[in-house]
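Chain and residue survey
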Amino acid sequence: MNKELLHILLSNPKLKNNFFTDVDGVLVFDKNKFTWTIENKEFLPDSYTRFKQKIGLIDSNERFISSNNDVVLSFPYKNCVLEGGQTKEDQKRSEIFFNETLAPEDVDCLLAPKVFTNIKKYTKAGEEKVSSISENDNLMIKGNNLLILSSMLKKYSGKVKLIYIDPPYNTGSDDFRYNDSFNHSTWLTFMKTRLELCKKLLSKEGAIYIQVDYHESHYLKVLCDEIFGVENFQREIIWRIGWLSGYKTKENNWIRNHDTILYYSKSNQEVKFNKKYIDKKDFKENADSSVERYPIEDVWNSSEYDVLNSIAITSFAKETVSKQLNSDDVVKGQKSEKLIKRIVEAHTEPNDLVLDFFGGSGTTAAVCMKLNRKFIICEQLDVQLDIMSRRLRNVIQGDGCGISNSVNWTGGGSFVYCELKDLNQTYIKQIQNAGSDPQLIELYNKISKSKFINSKVKPSNIESNVSDFESLSTESKRKLLIQLLDLNMLYVNYSDIDDEEYQVSAGDKSFNRSFYGD
């Protein structure tokens, strides 16, 4: 915008016509067009086209995307934080997007450290109360994983060696017992903030593995390139989920029998990778002979195989947890202990910390306990938490499942269970569990007097419209009650731990101060 430069351009009729537009007598300078010409002057004299002599994607200003640092994956709600709350698998709620620019105070409050409660430790001797946490403790945390991750930052930033997650696949069904029906942009928003927190939690030599399927793998790859850096993408691992041959499905299409695991490092220069081999004998024994599979004799020509490469070659039949739990407890989507073992051993040593914040059936925690790694595992669904807790208590007693025999596991270890302390989440549970309209009407009256209703709602309007509420269907009553609540205040913030209104016990206060280092 130098005045002398503009004067020179305006004094030349050709340049004036090319780079300026007359808008009601005012000349508007096309800076982008002029910049493009200057930046590409090196080829203009010799080219029959204004495009460089190479193939590539360009942006709206006709600059090559590969040379533009501002090119990112864009999607609706990208600058928002999505809590993604769900506490009961048959109750889905409308999600609120908190915009980081327009509502920074809401986002700060949402992501502020929370109070932990109902704390207990499980050992081989049984259950015991605890009022502090040590560096060697394993953790199972109940609550929304976004809020747990943000609460972990003060204590665990830069300390996590490995993160493995198996998030909702966004299939449009509820096969995995999560709210698994997000559209692409909502799913990406859901993942973005969580992955940004993951990057802060990872140690400089740490790694993250994200297991998905074809519904979101390509979108996720671009998002992870942006968050972790293209240079930190390490591998795309194909995990075969079955050995099928022929057309044994109802669909008139190719059989889909694999998941994708994206592996990224925190730092390409400092990532730690333990190369490990298995010999031909063990490889053959591990291949599950009870299922039909493609011929793989051609890969058995050498005596050693890279452990991670073999993930792409063979898939072990999914273990059930029938010996650890009831057979009724087998969870669809459960991952093989052998798969998790390979990933854990590739990036950690004994006592290193592993994080899985989509806990599921607890496979990651079970493997870590058997390999003497520390773990933090998160889950918010009660049915999953019950399965995980019983499974890990059986592991402590020396279960014979999964990798137990191969690592000579005879039992031991421990874990601390805790949960985020409910605030409005208490109302959410009461709404979901209310069995009749009178109970919902009573909740309507209680919530109208609460200090934590949605800021967009006037308390006087709630009180004056009680008759309209009573005329709604039962399900509509539930939905409206949840919408009345401030979903930014589902749990008690740690900053309010001494507020008598929240009735935090002395033991809980002690544990929280130990956790947050106060």
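Residues numbered from 1 in each chain as written. Predicted model: local features only at pLDDT ≥ 70, side-chain atom pairs only at ≥ 80, totals over all residues. Heavy atoms only, no water.

What follows is about the overall build of the protein chain. On a plain count of helices and strands, the protein chain comes out with 18 helices and 16 strands. Here the protein chain has roughly 25900 Å² of accessible surface; of this, 48% comes from carbon and sulfur atoms. (Helix = DSSP H or I, 4+ residues; strand = E, 2+ residues; numbered from the N terminus. Areas by Shrake-Rupley, 256 points an atom, 1.4 Å probe, with all protein chains shown as cover.)

Axis separation between helix α6 (residues 184-201) and helix α7 (residues 217-228) bottoms out at 10 Å; the angle between their running directions is 35°. The element α6 and its partner α7 pack so that their crossing is right-handed. Residues His184, Trp187, Leu188, Met191, Lys192, Leu195, Glu196 and Lys199 of α6 pack against Tyr219, Leu220, Leu223, Cys224, Ile227 and Phe228 of α7. Within the contact of α6 with α7, the residues separate by chemical class into ten nonpolar, one polar and three charged. (Axes fitted to C-alpha atoms, helices over the stretch in contact; angles between N-to-C directions. Left-handed = near helix turned anticlockwise from the far one by under 90°. Contact = heavy atoms within 4.5 Å. Nonpolar A, V, L, I, M, F, W, Y, C, P; charged D, E, K, R; others polar.)

Of the pairings in the sheet, the one linking strand β1 (residues 20-23) to strand β2 (residues 26-29) comprises four bridges and is antiparallel in character. Residue pairing across strands places Thr21 opposite Val28, the latter belonging to β2. Taken together, β1 and the strand that follows it, β2, pair antiparallel across an intervening segment of two residues, in which Asp24 is found at a positive phi of about 50°. (Pairing = 2+ DSSP bridges.)

A few words on the confidence of the model for the protein chain. On average, residues of the protein chain score 80 in pLDDT, and 74% of them are at 70 or above. Within the model, the stretch residues 174-180 combines pLDDT values under 50 with 27 contacts to residues more than four positions away or in other chains. In the model, residues 288-322 has pLDDT below 50 throughout and makes 81 contacts with residues more than four positions away in sequence or in other chains. (pLDDT = per-residue confidence, 0-100.)

On inspection of all chains with the given rule, the structure shows 15 aromatic pairs. Centroid distance Phe190 to Phe358: 6.1 Å. Interplanar angle 45°. Geometry classified as tilted. You can see Phe190 sitting in helix α6 and its partner Phe358 sitting in the loop between β14 (353-356) and α11 (363-370), a full 168 residues away along the chain. Aromatic side chains Phe233 and Tyr264 sit 5.2 Å apart centroid to centroid with 55° between the ring planes, which places their arrangement in the tilted category. Note that Phe233 is positioned in strand β10 (residues 233-240) and Tyr264 in strand β11 (residues 258-265), a separation of 31 residues in sequence. Grouped by ring-pair contacts, the aromatic residues Phe116, Tyr156, Tyr494, Phe515 and Tyr516 constitute a single cluster. The side chain of Lys155 reaches across the aromatic face of Tyr156, ending 5.7 Å from its centre. (Phe/Tyr/Trp six-rings, centres within 6.5 Å; stacked < 30°, edge-to-face > 60°. Lys NZ or Arg CZ within 6 Å of the ring centre and 35° of its normal.)

This brings us to the pattern of salt bridges. Pairing between side chains of opposite charge can happen when the charged atoms of each approach one another. The final tally for this structure, using the stated rule, is 22 salt bridges. Here Glu196 makes a salt bridge to Lys192, at a shortest N to O gap of 3.8 Å. Highlighted residues: Glu196 and Lys192, both in helix α6, separated by four residues, approximately one helical turn. Among the residues examined, Glu196 registers a relative accessible area of 31% and is labelled partly exposed. For Lys192, a relative accessible area of 4% translates into the label buried. For Lys477, the salt bridge goes to Asp437, with nearest N and O atoms at 3.3 Å. In this pair, Lys477 is assigned in helix α17 (residues 474-484) and Asp437 in helix α14 (residues 437-448), connecting sequence segments 40 residues apart. Via salt bridges that share partners, Glu337, Lys370, Arg391 and Asp399 belong to a single interconnected network. (Salt bridge = Lys/Arg side-chain N within 4 Å of Asp/Glu carboxyl O. Buried < 20%, exposed > 50% of the residue type's maximum accessible area, 1.4 Å probe, protein only.)

Another aspect to go through is the environment of Lys509. The residue Lys509 is located in helix α18 (residues 506-516) in this model. In this structure, the C-alpha to C-alpha distance between Lys509 and Phe116, residues 393 residues apart in sequence, is 8.6 Å. Apart from residues no more than four positions distant in its own chain, Lys509 is found in contact with Ile497, Asp498 and Val504.

Moving on to the sheet that holds strand β15 (residues 374-379). Pairing is mixed across the open sheet formed by ten strands, whose spatial order is β6-β5-β16-β7-β15-β14-β8-β9-β11-β10. At either end of the open sheet lies a strand with only one pairing partner, and these are β6 (126-129) and β10. In this sheet, adjacent strand axes meet at a mean angle of 20° when their direction is disregarded. When strand β9 (residues 202-212) meets β11, the two strands line up antiparallel, connected through six bridges. Residue pairing for β11: Ile210 is matched across the bridge by Leu262. Against the sheet, α18 touches β5 (116-123), β7 (139-142) and β16 (415-420), its axis set at about 85° to β5.

Time to look at the environment of Cys198. Its location among the elements puts Cys198 in helix α6. Accessibility expressed as a relative area gives 0% for Cys198, which makes it buried. Once the C-alpha coordinates of Cys198 and Ile208 are considered, the two residues, ten residues apart in sequence, prove to be 8.2 Å apart. If near-sequence neighbours (up to four positions away) are discounted, Cys198 is found in contact with Ile163, Ile208 and Phe357.

What follows is about the pairing of strand β8 (residues 160-165). In terms of residue burial, β8 counts as a mostly covered element, since six of its six residues are buried. As defined by bridge partners, β8 adjoins β9 across five bridges and the pair is classed as parallel. Bridged to Ile163 within β9 is Ile208. Sheet analysis places β8 next to β14, joined by two bridges and oriented parallel. Among the inter-strand pairings, Leu162 is bridged to a residue of β14, identified as Val354.

A surface patch of nonpolar side chains, about 230 Å² in accessible area, is lined by Val23, Val26 and Val28. Secondary-structure assignment places Val26 in strand β2. (Patch = residues over 30% accessible without salt bridge, like charges linked within 9 Å, V, L, I, M, F, W, Y side chains within 5 Å.)

Quick look at α14 now. With twelve residues, α14 should cover 16 Å at 1.5 Å per step; its first-to-last C-alpha distance of 17 Å lies within 8% of that length. Those residues of α14 lying buried are Leu440, Ile441, Leu443, Tyr444, Ile447 and Ser448. Angular distribution of buried residues about the axis of α14 spans 160°; they occupy a single face of the element. Of the exposed residues in α14, the ones pointing more than 90 degrees away from its buried face are Pro438 and Glu442. Where α14 is buried, its residues contact α13 (424-433), α15 (459-464), α16 (466-470) and α17. (Expected span 1.5 Å × (residues − 1). Arc of directions from axis to C-beta.)

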